[in-house]
Every structure is written in C-alpha cells, then in structure tokens.
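Structural features, examined
Listed below are the residues making up each chain.
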Amino acid sequence: MITIPYLTAVSTYFSYGLLFAFGQLRDYSRLIFDWWTTSDLHGYAPICLAHEDFYIRRLYHRIQDCFGRPISSAPDAWVDVVERFSNDNNKTLKRTTKSTRCLNLGSYNYLGFGSYDEFCTPLVIESLKKFSPSTCSSRVDAGTTSVHAELEECVANYVGKPAAIVTGMGYATNSAIIPVLIGKGGLIISDSLNHTSIVNGARGSGATIRVFQHNTPAHLERVLKEQIAEGQPRTHRPWKKIMVVVEGIYSMEGEICQLPEIVSICKKYKAYVYLDEAHSIGAIGKTGRGVCELLGVDTADVDIMMGTFTKSFGACGGYIAGSKDLIQYLKYHCPAHLYATSISTPSAQQIISAIQVILGEDGSNRGAQKLARIRENSNFFRAELQKMGFEVLGDNDSPVMPIMLYNPAKIPAFSRECLRENVAVVVVGFPATPLLLARARICISASHSREDLLKALKVISKAGDLTGIKYFPAAPKKQEEEKGTIKLD
Amino acid sequence: MYVRALPTTDVNRNTEWFTYPGVWTTYILILFFSWLLVLSIFNCSPGMAWTTVHLVHFAVTYHLFHWKKGTPFGDDQGIYNRLTWWEQIDNGKQLTRNRKFLTLVPVVLYLIASHTTDYQNPMLFLNTLAVFIMVVAKFPHMHKVRIFGINADQ
C-alpha cells in the first residue's frame with residue numbers, strides 16, 4: 001500500500017502538467033517551423049502519428065542519460081559504467097572510451113551468478129568448446145543436445161513438477177505460450193500490474209481479458225463470480241477455459257503474491273493458475289524454490305509454473321513447468337519450441353551448474369550461503385532505508401526494493417547524483433509505473449558485501465536529502481538514548 | 001498529511017492517472033492560479049478575467065477531451081485510436097464520480113463568470129455557448145457519437 005503525502009501528489013500533477021504544456025508548445029513551434037522547410041518524403045505516409053510518440057520525444061528524451069547506460073564488464077556487485085556525453089541536449093548520446101567503476105544496484109543478479117563463478121564458469125567454457133555458442137537450429141530440427149534434455153529434467157525436479165520445457169528467451173516464453181494455451185472463447189484474468197510480456201501474450205491469444213485489483217484475492221473472487229455468471233460477451237455462453245495469471249514477485253513493487261488465497265479461490269471456481277516466477281525463482285524460499293516454497297503452497301495446485309533464467313541463474317531463457325501431458329502438448333504446438341532457435345548450449349550448462357550449486361550438489365554449501373546472504377542483505381537494507389525515512393515498497397525477504405520518488409524532476413536528479421558518487425541505480429517512471437508513482441528500484445544481490453551495502457546507504461541517504469524524498473519521519477536513534485541513561489547511572 | 005494510493009484496474013495508461021488522489025485538487029488549483037495570472041497580466045476586471053479563464057478552459061479541454069483521439073503511446077497497438085479521452089476514461093463506463101466532477105467544473109466556472117460580469121451581453125452569450133457545448137459533449141447519450149461525421153475516423 002503506497003502512502004503518499006497529499007502535497008507531493010498535487011505538486012507531481014503540476015509538474016507533469018507543466019512538462020505536457022511545454023511539450024505541446026514545442027510541438028506546435030516545430031509544426032510551424034517545418035511548414036517553411038520542404039521535405040523530400042512527399043507522398044509517403046508518416047511512420048508514426050505525431051501524438052503517438054509525444055511522450056518519448058518530449059519527456060523521455062530529456063532525461064535519456066539516466067536510462068540505457070552501457071556497461072563494459074560483467075554485472076557483478078561492482079560494474080564498469082561507460083561514460084556518455086551529449087551535444088544536443090540528450091537527443092543523441094555518444095559513448096566515450098572511459099568507464100567508471102560503480103556499485104551495481106540495478107542488475108537482477110540475485111544470487112551472484114552474474115560474474116565468474118568457481119564451479120559454473122569452467123563447466124560453461126568446457127561446454128562452449130565441446131558444443132558451440134549456438135545450436136543453429138530449432139529444438140525439433142537439430143537443436144536438442146544432451147544438455148538440453150538434462151536441463152529440462154533438472155528444472156522440472158528443482159521446481160517440483162513432473163516435466164518442463166525450456167525456450168531461448170524469457171519474454172518470448174510468455175508471449176508465445178499463452179496464445180497456445182488459451183484462445184477465443186476463453187477468459188484470462190490477470191493482475192493489474194502484470195508484466196508486458198504477459199499482456200502481449202494475452203492480447204495475442206484472442207481470449208477476453210479481465211483485470212483484477214493488484215494482489216487483492218477478494219476482488220479476484222468478485223471478478224470470477226461476475227464473469228462466470230455472465231459468460232462470453234454477447235452470446236453469454238459458458239467460457240471454454242478460465243486462466244488466472246499472477247506473478248511471484250512483482251518487479252516494480254517488490255511485493256510477494258498472496259498465492260495461498262488465490263489458489264484456493266481458483267480451486268473453488270475451477271480456474272487454471274498460471275504463475276510467473278521470473279523474479280522469485282532462485283531468490284526466495286529456503287532452498288530457493290520460489291514463492292510456492294516460501295508460502296507453503298503445494299506445487300501440484302499451481303497448474304502452470306513459468307520462470308526465467310535471467311535473474312537468479314545468470315543465464316538467458318525461460319521455462320514452463322507443468323504436468324507431463326501439458327508439456328507434451330506444448331512441445332507439439334508452441335512456436336517458440338518449433339521454430340525459434342533453441343537455447344544456447346553453454347547457457348544451458350550454466351543453468352544446470354547454477355542449480356547444482358544452489359542445491360549443494362557440487363559438494364560445497366555455497367548455495368545455502370548465497371540464499372542466506374541474500375535474505376540477510378535484503379532485510380538489512382530495507383530496514384535501514386525505512387529507518388532513514390524513505391518510502392520503500394516490498395515485503396520482507398524480497399530482494400527488490402523500490403524507493404518512491406514521485407516528482408518527475410527527482411527521477412533524473414536522484415539518478416545523476418548517485419552516479420556522481422559511483423552508485424548505479426535504476427530509476428523508473430511513467431509509463432512503466434503509474435503517472436504519480438515514479439521510483440528508483442534497487443535490486444540486492446548475494447554478492448554485495450556488508451561494506452558495499454553501507455556505502456550504498458550513505459550515498460542514497462545523501463542523494464535522498466538533496467532531492468527531498470524522505471517522506472516519512474526518520475526513526476529516532478535508540479542507541480543514543482540508551483547511552484544517555486547508562487551515563488547518568 | 002498522507003493519502004493512500006490504491007492501484008487501479010484501468011489498463012489504459014492514458015486515463016489511469018486520473019484515478020489517483022490529488023487530481024481534482026490540482027485541476028481546481030490550476031484554474032484558480034490561471035485566473036490570478038490573467039488578472040496580473042492584463043490588469044482587467046475580475047469578471048473579464050473569469051470570462052477569459054472560462055473560454056480558454058473551454059478551448060483547451062474541448063481539444064484535449066473531445067477532439068484528440070487515441071493515446072500518446074505506440075505500444076497500445078491502436079486499440080483506442082477511435083476514442084477520444086472522454087470516451088476512454090473509466091473504461092467507457094458512464095456517470096462515474098470522475099465524469100460527474102468533470103461535467104460540473106465548466107458549469108461552476110460559467111456561473112462564476114456570469115455572476116462576476118453581471119450578466120452583461122457579449123460575455124454572457126460567449127459563456128453560455130461554451131458551457132452548452134461542453135455539457136452536451138459530456139452526455140452519456142453522446143458516447144461515440146460523431147455529429148455530421150465531424151472528427152470521424154480517417
């Protein structure tokens with residue numbers, strides 16, 4: 001639940017109104033200016049309508065240097081950020097050959113597999129020499145190696161389902177598989193803050209889409225009851241299939257899904273549950289098995305479990321785990337399996353080795369240490385930020401913590417101030433978040449040491465003071481009070 | 001003073017910002033400050049300033065709410081390209097609180113403008129015409145209606 005000071009809400013709307021007004025003014029003057037100049041594209045239709053990319057041209061381009069910063073090293077706890085400069089007010093940015101070493105608070109490197117690992121990397125290099133970087137074929141033609149078969153078995157065992165199918169790209173897993181599972185005459189009920197890949201997959205499927213209020217099982221039940229009673233639009237026939245799509249950890253809020261309630265509601269109304277664990281697999285739960293393990297939900301109750309390997313496992317690709325019949329059906333019908341190139345073999349090896357490290361099968365307890373460290377780091381960081389007076393979202397144990405900024409001017413101010421102090425943060429604004437709720441999203445990793453976190457806290461506190469984002473009163477320092485009483489005694 | 005920002009179920013990013021707290025207050029404050037601005041720049045009587053604010057408000061909101069169609073984002077894939085902003089808010093549901101508020105604002109502005117100009121003639125005619133067009137455009141019956149094909153699709 002986001003609590004926003006009323007004055008901040010009003011001033012944020014004012015700022016956006018001003019930015020909008022100036023953007024429109026510039027557009028009109030550009031229109032008048034271009035009246036006098038002739039263009040050689042006479043007779044061609046414009047690529048996009050003038051107002052369709054208004055937001056990109058007039059708001060996003062002004063602060064473009066805060067987004068899309070290129071890096072020139074592996075995304076470890078510290079990363080080399082390439083410096084860029086612009087001669088035309090951020091419309092185009094040019095790279096220089098210099099880079100600065102910054103503390104990395106933006107990569108989804110939850111378990112620290114994003115850089116050299118003593119167990120995984122030698123195995124990956126070996127597999128790179130034996131197989132090559134690409135299989136040069138789709139899975140059904142010639143792109144299935146023994147590593148791919150081993151990977152699917154390994155993932156199915158890890159997640160706790162009978163079988164799994166792996167694709168080469170995480171985004172494509174959602175957008176290619178949802179249309180295969182459900183079509184016209186079906187109903188998809190998705191959480192209002194679901195990721196764009198799910199939205200695209202749902203729109204591409206042709207099914208009717210309804211949205212329920214974020215993480216509110218009561219509203220989900222109301223929507224389900226209403227839709228089942230009404231049936232399909234216009235014909236009012238019963239729905240062919242109903243699927244409820246939720247995520248494990250929502251990447252912009254850091255909130256963990258209320259899975260037990262949602263699963264029980266879906267069982268009552270006989271709807272399928274599709275769980276997207278992109279950010280939660282490998283990062284939460286005692287052995288890293290995701291939100292089902294954390295909340296004690298039996299994996300047999302969740303019909304389709306989807307996840308990606310880009311966050312906790314340091315590789316690329318996505319997977320779907322489910323019953324043997326489901327996976328067999330997907331292997332015959334899913335376009336990502338039939339036509340897209342299969343996942344690169346060294347990446348598959350990286351995932352297998354990472355899972356072995358997490359489960360302790362490589363003979364050491366580094367996996368358990370990593371999981372304990374990320375939980376400790378996240379809880380420590382979140383508690384410290386909240387003590388300083390920042391508004392931090394997300395549940396306990398979640399490694400994603402957004403710090404609320406709200407005003408559009410604070411987005412580039414916070415980002416640039418942190419970069420000046422060699423801390424790289426990711427800031428997100430409209431349209432990825434609602435208009436009012438711009439935020440800086442911090443992702444904690446198991447490879448951050450305590451000194452790294454303390455340095456990050458210092459820099460964020462200073463940037464927070466300069467930009468004025470400590471919306472809550474800071475907690476009083478209890479230690480000084482206790483010291484005072486001891487001295488008197 | 002804090003308020004809670006509950007996440008909405010509106011997927012249209014062009015209109016979902018209107019469902020968060022603080023919008024109504026900002027709207028009213030913008031109108032009030034623009035009245036002060038007009039008074040300080042043109043040095044006219046308060047009634048003329050209110051008339052100016054009312055007519056400029058009519059021009060701006062008619063263009064933004066009832067003329068411009070579609071959304072400023074390309075990745076909506078054009079599903080709202082035939083709908084004006086007024087037809088998009090609250091997912092097309094009529095007579096919601098937001099719509100009632102937005103219908104009331106031009107009427108209140110009209111009453112203030114007419115009262116402070118003492119119902120004298122050129123201003124009264126222009127103000128009445130403006131408020132008539134504004135209120136009729138917001139009727140539930142006018143949802144997706146294009147009179148004489150004005151502003152119909154390309």
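Under an unreviewed UniProt entry, the name given to chain B is ORM1-like protein 3, and the source organism is Eruca vesicaria subsp. sativa. Turning to chain B, the UniProt record has this under Subcellular location (unreviewed entry): "Membrane".

Labelled according to an unreviewed UniProt entry, chain A appears under the name serine C-palmitoyltransferase, originating from Eruca vesicaria subsp. sativa. For the record of chain A, the UniProt heading Cofactor (unreviewed entry) holds the text "pyridoxal 5'-phosphate". For the record of chain A, the UniProt heading Catalytic activity (unreviewed entry) holds the text "L-serine + hexadecanoyl-CoA + H(+) = 3-oxosphinganine + CO2 + CoA".

1. So, the pattern of salt bridges
All names here are of chain A. As enumerated under the stated definition, the model contains 21 salt bridges over all chains in all. A salt bridge links Arg416 to Asp65, with the shortest nitrogen-to-oxygen separation between them at 2.8 Å. Of the two residues, Arg416 is situated in helix H14 (residues 410-420) and Asp65 in the loop between helix H2 (54-60) and strand E2 (78-85); the sequence distance between them amounts to 351 residues. Using a relative accessible area of 30% as the deciding quantity, one classes Arg416 as partly exposed. We note a salt bridge from Arg439 to Glu253, for which the minimum N-O separation is 3.0 Å. Of this pair, Arg439 sits in strand E14 (residues 439-443) while Glu253 sits in the loop between strand E7 (242-247) and helix H8 (259-269), placing them 186 residues apart in sequence.

2. Describing the sheet that holds E2(A)
Sheet strands line up and pair through hydrogen bonds in the backbone, either parallel or antiparallel. Residue and element names in this part refer to chain A. Taken in spatial order, the 3 strands line up as E2-E3-E12 in an open sheet, and their pairing is mixed. Edge positions in the open sheet fall to E2 and strand E12 (423-424), since each of these has one partner strand only. For strand E3 (residues 94-104) and E12, the ladder comprises 2 bridges, and the chain directions are parallel. Bridge assignment links Asn104 to a residue of E12, and that residue is Ala424.

3. As for the UniProt feature "transmembrane region" (unreviewed entry) in chain B
Residues and elements named next belong to chain B. UniProt's entry tags residues 20-42, 101-117 and 123-140 with the feature "transmembrane region" (unreviewed entry), counted in the numbering of this structure. Structurally, residues 20-42 comprises 87% helix and 0% strand, and the distance from its first C-alpha atom to its last is 35 Å. Within the segment residues 123-140, helix and strand shares are 83% and 0% respectively, and the terminal C-alpha atoms sit 29 Å apart.

4. Regarding the sheet that holds strand E11 (residues 400-404) of chain A
Residue and element names in this part refer to chain A. Within the open sheet, the 3 strands sit side by side as E11-E14-E13. Their pairing is antiparallel. In this open sheet, the two edge strands, each paired with only one partner strand, are E11 and strand E13 (426-428). Direction aside, the axes of adjacent strands within the sheet are offset by 30° on average. Pairing between E11 and E14: 5 bridges, direction antiparallel. The residue of E14 that forms the bridge with Met404 is Arg439.

The rules we used
- Residues numbered from 1 in each chain as written.
- Chains lettered and ligands numbered in written order.
- Predicted model: local features only at pLDDT ≥ 70, side-chain atom pairs only at ≥ 80, totals over all residues.
- Heavy atoms only, no water.
- UniProt positions renumbered as here; feature names shortened; annotations may be inferred.
- Salt bridge = Lys/Arg side-chain N within 4 Å of Asp/Glu carboxyl O.
- Helix = DSSP H or I, 4+ residues; strand = E, 2+ residues; numbered from the N terminus.
- Buried < 20%, exposed > 50% of the residue type's maximum accessible area, 1.4 Å probe, protein only.
- Pairing = 2+ DSSP bridges.
- Axes fitted to C-alpha atoms, helices over the stretch in contact; angles between N-to-C directions.

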